[in-house]
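# Descriptive analysis of the structure
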Amino acid sequence: DKKNTGGPGDTGGWCGYYSILKKGQKYFDGSGFTKLTFWVKGEKGGENFRIGMADQRWEQLDDSAKSEDVAAYLPEKKITAQWQQAVIPLEVFFIDTKQLASLAVCFEGDCFPDGLGAGVVYIDEIAFE
């Protein structure tokens, strides 16, 4: 349930999920991969989110480089109630893939026409390929 109120400057808080890719101070070397893949479906269809990826520089900023809306990387060009595989080229993030710090599922306010978003998404089999 994402709202665009509260938080710094009343623009809403961060809503999403993230995984740390590095171990201690050792960053994950993803330079041997060209894409991020995962399977996704929505409870109803029409849900939305973006993927965020952070390298060492973005980690220092406590942020991540964001993809387009996930629909751009799906065969149906929208989240549906059926499983679809998303394929996101790593080059869209413009980051140093030799020093990956984190991966995030981001429910940005501007992913939703009215700035508010609610729904359920299921994500499975996240992989670098």
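As a reminder, the structure under discussion sits directly above these lines.
Each value, and the rule that gives it
- Each chain has its residues counted from 1, following the order in which its sequence is written.
- The model is predicted, so local features are restricted to residues of pLDDT at least 70 and side-chain atom pairs to those at 80 or more, both for listing and for counting; the totals for chains, interfaces and linings are taken over all residues.
- The side-chain quantities take in all heavy atoms of the structure and omit both hydrogens and water.
- We treat two strands as partners when DSSP finds at least two bridges between them.
- Helix numbers and strand numbers start at the N terminus; a helix is a DSSP run of H or I with at least 4 residues, a strand a run of E with at least 2.
- Axes, fitted as lines to C-alpha atoms, cover a helix only where it is in contact. Angles between the N-to-C directions of the axes lie from 0 to 180 degrees.
- Exposure categories follow from relative accessible area, calculated using a 1.4 Å probe and restricted to protein chains: below 20% of the type maximum is buried, above 50% is exposed, and the middle band is partly exposed.
- Any two residues having at least one pair of non-hydrogen atoms within 4.5 Å are treated as being in contact.
- By definition, a salt bridge exists where a carboxyl oxygen of Asp or Glu is found within 4 Å of a side-chain nitrogen of Lys or Arg.

## Focus on the sheet that holds strand E3 (residues 50–55)
Sheet architecture is open: four strands sit in the order E1-E6-E3-E4, paired in antiparallel fashion. Two strands bound the open sheet, and with one partner strand each, they are strand E1 (16–20) and strand E4 (65–69). The average undirected angle you get between the axes of adjacent strands in this sheet is 20°. As judged from the three bridges shared by E3 and E4, these two strands associate in the antiparallel manner. Looking at E4, one finds that Arg50 is bridged to Asp69.

## Some points on the environment of Lys78
Relative to the helices and strands, Lys78 is located in the loop between E4 and strand E5 (84–89). Among the residues examined, Lys78 registers a relative accessible area of 47% and is labelled partly exposed. In this view, Lys78 contacts Ala71 and Gln84; residues no more than four positions away in its chain are not counted.

## Considering the environment of Leu21
Structurally, Leu21 can be placed in the loop between E1 and strand E2 (35–42). Sequence-distant contacts of Leu21, defined by excluding residues within four places in its chain, comprise Phe28, Met53, Leu100, Ala101, Ser102, Leu103 and Phe128.

## What about the side chain of Thr97?
Along the chain, the position of Thr97 falls in the loop between E5 and strand E6 (100–106). By relative accessible area, which is 19% here, Thr97 ends up buried.

## Quick word on the pattern of salt bridges
Applying the stated criterion to the full structure yields three salt bridges. Across the pair Glu59 and Lys22 runs a salt bridge, and its minimum N-O distance is 3.0 Å. Of this pair, Glu59 sits in helix H1 (residues 56–60) while Lys22 sits in the loop between E1 and E2, placing them 37 residues apart in sequence. Classification of Glu59 as partly exposed rests on a relative accessible area of 26%. A salt bridge links Asp63 to Lys66; its shortest N-O distance comes to 2.9 Å. The partly exposed category is assigned to Asp63, whose relative accessible area is 39%. Its relative accessible area of 28% is what places Lys66 among the partly exposed residues.

## A closer look at unusual backbone geometry
Unusually for a residue other than glycine, Lys77 sits at a positive phi of about 60°. Within the secondary structure layout, Lys77 lies in the loop between E4 and E5. Owing to a relative accessible area of 53%, Lys77 belongs among the exposed residues under this scheme. With a phi angle near 50°, Phe94 is a residue other than glycine that sits in the positive phi range. Position of Phe94 relative to the elements: it lies in the loop between E5 and E6. A relative accessible area of 71% means that Phe94 is categorised as exposed.

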